[in-house]
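What follows is each chain in one-letter form.
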2 protein chains.
Amino acid sequence: MRITYKGDYALKTILALALHYGNGPFTIHDIAKNADMPIKFLEQILLDLKRGNFVESKRGKVGGYLLAKPPSQINLGEVIRFIDGPLEPVACVSSDYKGCKDINKCVFRSIWRKVADLTSGLLDNITFEDLVKKNKNFNSSFVYHI
Amino acid sequence: MRITYKGDYALKTILALALHYGNGPFTIHDIAKNADMPIKFLEQILLDLKRGNFVESKRGKVGGYLLAKPPSQINLGEVIRFIDGPLEPVACVSSDYKGCKDINKCVFRSIWRKVADLTSGLLDNITFEDLVKKNKNFNSSFVYHI
DNA sequence: GTATACTTTACTAATATGATAGAGATTATA
DNA sequence: TATAATCTCTATCATATTAGTAAAGTATAC
C-alpha cells in the first residue's frame, strides 16, 4: 500500500466533513481551504467519494457536501481502498489471483498476506469519529498536509 | 509500501542465491530460469544488489553471483527498502520530513507511523535463512512468481 | 433570472515502471 | 593466445500512474 495525494486529500476531506457533521453542507471551496488542496483536483475526488457513497451533495446556492453517514460508520481502511486501491503490497495476495504457477509454494506470499492483515487490522478499526475526538484534543479544526 | 516487480525479482534472486549458498557462483542465466525473470532486467537488478552489498560477482568463465554475506545476515526489510524505497506509506512519516506546517498536529501522521512500524517489525525480522528453511519444507528449490 | 455551487469530460506534464538493445570488459581454459 | 562464457554499462522505449488544469454544463435558492 502506498497513500497517494489523492488518498491523503480524500481522508482530509472526510475528516473536514466529519468535524462539520450535523451543521449542513460544506462547500468544496471551504473544504479546499481547510487543508490547502487544489480545488479542481478536489472536485474530482469529491465526485469519487460520492460514487463510493461516502458523501452526498446538494447543488445550487446553499449547496455543498455532507457525509452520507455518521463519522462512526466510516473507517480509514475503506476510504483508502476505495481511493488508492488494495491495502495489500502485491497483487498475488488477493483471494482471486491467478497469475501464479503454484501460489501455495511461494514463501513470500504468506508474508505479504501478514503485512496486509496487520495494515487492515489497524486501518479498518479506526473510524472518523475516533479522528474527530483525537483532533479536538489538538484544539484545532485545521487539517494538515502530508 | 508497494512491492514492484523489481523488488519481487530482487527478493527471489537473493533467495535463489541463499538456497545455493556455499556452492560457488550462480550465473544470471540460472537465476533467471529459477523464477522466470527477464534476463536483461535481472542484470540491472543484480548490479543494484551489488551496489547495495547484498551480492558479489565473479566475472569471466565460471563466473556468476554469490551472496555477499550469509543468508542469516540479510533480512527482507533491508532489501525492499533498498530496491523499492521506504516501507512507510507516506513521506511525512520519515524523521527528516519538512513539508508540513505543523506536523505534530496531524491526526493521520501517527497512524502512518504505526503502519510503518508494524510492517518494519515484521519484514526486518525475517532473514533469508528463515526463508531457506521454509522453502525446504516445500521440498522444492523453485521460486515462484507474484 | 442570476449568482452560487456541484457535474462532467477532456487534456496535459512529469515521473515511475518494466522492460529491451547493444557494445564493452574480464577471466578460465583449451 | 584465442575464444567462449560471463558480468558491466549506457541508452532507449512503451505504457501506466500521478497530480493536476481547463472549460463548458446542470441544478437550485433567492
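Worth saying up front: this structure is predicted, and the values here are computed from it rather than measured.

Caption draft 1: The arrangement of the protein's contact with DNA strand D in detail. By nearness alone, 28 residues border DNA strand D, and Gln44(A), Arg59(A), Lys50(B), Arg59(B) and Tyr65(B) come closest of all. Sugar and phosphate atoms constitute 70% of the interface atoms of DNA strand D, taking the interface as everything within 4 Å of the protein. One of the side-chain nitrogen or oxygen atoms of Tyr9(A) is found 3.1 Å away from a phosphate oxygen of DNA strand D. Here Arg59(B) contributes a side-chain N or O atom positioned 3.0 Å from a sugar or linking oxygen of DNA strand D. Within the residue set of the surface near DNA strand D, elements represented by two or more residues are α1 (5-19) and α3 (39-51) of chain A together with α3 (39-51), β1 (55-58) and β2 (64-67) of chain B.

Caption draft 2: Expanded view of helix α4 (residues 76-84) of chain B. Turning to α4(B), its buried residues are Leu76(B), Gly77(B), Val79(B), Ile80(B) and Ile83(B). Along α4(B), the residues classed as buried sweep out an arc of 165 degrees about the axis, all on the same side. Looking at the buried residues of α4(B), the elements they touch are α5 (109-123) of chain A together with α1 (5-19), α3, α5 (109-123) and α6 (128-137) of chain B. Where α4(B) begins, the capping side chain belongs to Asn75(B), and its oxygen is found 3.0 Å from the backbone nitrogen of Gly77(B). Positive phi appears at Gly85(B), one or two residues downstream of α4(B), with a value of about 95 degrees.

Caption draft 3: Structural detail: unusual backbone geometry. All names here are of chain A. Of note in this structure, Asn53 is not a glycine but carries a positive phi near 60 degrees. Residue position: Asn53 is located in the loop between α3 and β1 (55-58). A relative accessible area of 54% means that Asn53 is categorised as exposed. Backbone geometry places Val62, a non-glycine residue, at a positive phi of 65 degrees.

What counts, and where the lines are drawn
Residues numbered from 1 in each chain as written. Chains lettered and ligands numbered in written order. Predicted model: local features only at pLDDT ≥ 70, side-chain atom pairs only at ≥ 80, totals over all residues. Heavy atoms only, no water. Near = heavy atom within 4 Å. Polar contact = N/O pair within 3.5 Å; in protein donor to acceptor, adjacent residues only side chain to side chain. Helix = DSSP H or I, 4+ residues; strand = E, 2+ residues; numbered from the N terminus. Buried < 20%, exposed > 50% of the residue type's maximum accessible area, 1.4 Å probe, protein only. Arc of directions from axis to C-beta. Contact = heavy atoms within 4.5 Å.

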